[in-house]
Amino acid sequence: MILKTYYPMPEFPPISLSGTVCQLKCRHCNATYLGRMVAADTPEALVSTCQTLHQKGAVGALISGGSDREGRLLNLKAMLGAIRRIKQETSLILNLHPGLLDKATANALHVDFASLEIPAQDVITNVFQLEACTEDYIATYDRLREAGIEVAPHISVYRGDEHELLRAVHAPNMIVVIVFSPTRHTAMSDESPPAPGVVANVIGNVNAMFPRAEIALGCMRPRDKGLREETEIAALEAGASRMELPSRRTLAYAKDRGYSVRGFNACCALPTAYEALAARP
């Protein structure tokens, strides 16, 4: 048994193409997490940031940022040339968090893989406050795959039935499960995160649906010590084989049960083809 563990910083940092700007201001986030990313809101800034990362020996970067009112990644189209230049001039592995995409933009991308959340309709309507539907995200998933880009679908556990969102997803190699976590200064700050058993149930169902896919417990999840450790161990027992930033207790638990633990300087959606480039010493 193998548990793959992932440590993005500082070798695989998140970059925001919009700085701290987001037009959606979703009720669960309110642009809070953009402030923790490296800001690069012009093509020149993006190229310069990535060249510096390359010179420092970084493995790659997550290209993300805020969304526009249609659920698309802000400034992405203006950055397409810069992204192509980065792939030509550096060895960085690029992961894109695109939001909704049209076919032309998907075909113009020069990234190595993509991380795409597949949200439930009530989340799109009531949390994102976006006029779109789950099928729009499935269509984006299909457009990325048709463009030759490997996609890791993400589902966010809240109620416990989120595995159902993946029934329309075709043959993923990797699935990332994230977990709702109340965030201060947001409209949902007083809501409760799902219990570890709820997370485990979703992961178990995903594992049954896609027995050949790797399942990752992603970075977005509650970090309260007790809940964090219980959630991680429950996820491991339910079939997760990847985990971003696991606790020491989880690592000890895995090793005690015979897991071989491997570490990577990257985000947990990293395709297996790039593992040798990101392996920790």
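Residues numbered from 1 in each chain as written. Predicted model: local features only at pLDDT ≥ 70, side-chain atom pairs only at ≥ 80, totals over all residues. Heavy atoms only, no water.

Chemist: Run through helix α2 (residues 76-89), naming residues and quoting values.
Modeler: The terminal C-alpha atoms of α2, which comprises 14 residues, lie 19 Å apart, in line with the 20 Å expected from a rise of 1.5 Å per residue. Along α2, the sharpest change in direction is near 30° and occurs at Ala-82. Within α2 the residues assigned to the buried category are Leu-76, Met-79, Leu-80, Ala-82, Ile-83 and Ile-86. Lining the buried residues of α2 we find α1 (43-55), β4 (60-64), β5 (93-96) and α3 (103-107). (Helix = DSSP H or I, 4+ residues; strand = E, 2+ residues; numbered from the N terminus. Expected span 1.5 Å × (residues − 1). Bend = angle between axes of the 7 residues up to and from the residue. Buried < 20%, exposed > 50% of the residue type's maximum accessible area, 1.4 Å probe, protein only. Contact = heavy atoms within 4.5 Å.)

Chemist: How would you sum up the side chain of Asn-265? Please name residues and give values.
Modeler: Considering the arrangement of structural elements, one finds Asn-265 in the loop between β11 (260-264) and α9 (275-278). For Asn-265, a relative accessible area of 13% translates into the label buried. Reaching out from Asn-265, the side chain makes a polar contact with the side chain of Arg-280 at a distance of 2.8 Å. (Polar contact = N/O pair within 3.5 Å; in protein donor to acceptor, adjacent residues only side chain to side chain.)

Chemist: Describe the sheet that holds β5, listing the residues and the values that go with them.
Modeler: If you walk across this open sheet you meet the 11 strands as β3-β2-β4-β5-β6-β7-β8-β9-β10-β1-β11, and the pairing is parallel. Looking along the sheet, the strands with just one partner apiece sit at the ends: β3 (38-39) and β11. Summarising the sheet, strand β6 (residues 113-117) and strand β7 (residues 150-157) pair through 5 bridges and their orientation is parallel. Note on β7: the bridge partner recorded for Leu-116 is Pro-153. Packing of helix α6 (residues 196-209) onto the sheet brings it into contact with β7, β8 (174-179) and β9 (214-217), and relative to β7 it is tilted by some 145°. (Pairing = 2+ DSSP bridges. Axes fitted to C-alpha atoms, helices over the stretch in contact; angles between N-to-C directions.)

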